[in-house]
Amino acid sequence: PVHGGQFFMAEDNWHHIEGTYPSTGLFRAFFYHNFKKPLAGKEFSGSLIVLDKANKEAATIPLASSRDGKTLEARIPQQLTTLP
């Protein structure tokens, strides 16, 4: 990971996604091509799925482009920020 998050391979086996939780209630996703070259988040769309303690879906939160367009972000409601 480049930003201290979790690094994932995308389904196309070419792109990479890094999910971060930089502060309480803020999820941020970074995108890269195969050689870790950053890609603009504004080119992507997605949702953050929050799971409860039983590993069941508690909420789906749309990701939105950050102000600078480099990442996608989601604000997680306070009642969902307690980790299991």
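Residues numbered from 1 in each chain as written. Predicted model: local features only at pLDDT ≥ 70, side-chain atom pairs only at ≥ 80, totals over all residues. Heavy atoms only, no water.

Engineer: Could you give me a rundown of the side chain of S66, with the residues and numbers involved?
Structural biologist: With respect to the helices and strands, S66 occurs in the loop between β7 (64-65) and β8 (72-75). A distance of 2.7 Å separates the side chain of S66 from the side chain of D68, its partner in a polar contact. Of note is the side chain of S66, whose polar atom sits 3.4 Å from the backbone nitrogen of K70. Filtering out sequence-adjacent residues up to four positions away, S66 remains in contact with T71 and E73. (Helix = DSSP H or I, 4+ residues; strand = E, 2+ residues; numbered from the N terminus. Polar contact = N/O pair within 3.5 Å; in protein donor to acceptor, adjacent residues only side chain to side chain. Contact = heavy atoms within 4.5 Å.)

Engineer: If you had to explain the pattern of salt bridges to someone new, which residues and values would you point to?
Structural biologist: Scanning the entire structure with this criterion turns up 1 salt bridge. The shortest N-O distance in the salt bridge between R28 and E73 comes to 2.8 Å. Note that R28 is positioned in strand β3 (residues 26-32) and E73 in strand β8, a separation of 45 residues in sequence. Using a relative accessible area of 23% as the deciding quantity, one classes R28 as partly exposed. Owing to a relative accessible area of 22%, E73 belongs among the partly exposed residues under this scheme. (Salt bridge = Lys/Arg side-chain N within 4 Å of Asp/Glu carboxyl O. Buried < 20%, exposed > 50% of the residue type's maximum accessible area, 1.4 Å probe, protein only.)

Engineer: Hey, could you go over the environment of T71 for me, with residue numbers and the actual values?
Structural biologist: By secondary structure assignment, the location of T71 is in the loop between β7 and β8. Residue T71 is classed as buried on the basis of its relative accessible area, which comes to 5%. Note: C-alpha distance between T71 and K42 (29 residues apart in sequence) is 6.8 Å. For T71, the residues in contact, after removing those within four places along its chain, are R28, A29, F30, G41, A64, S65 and S66.

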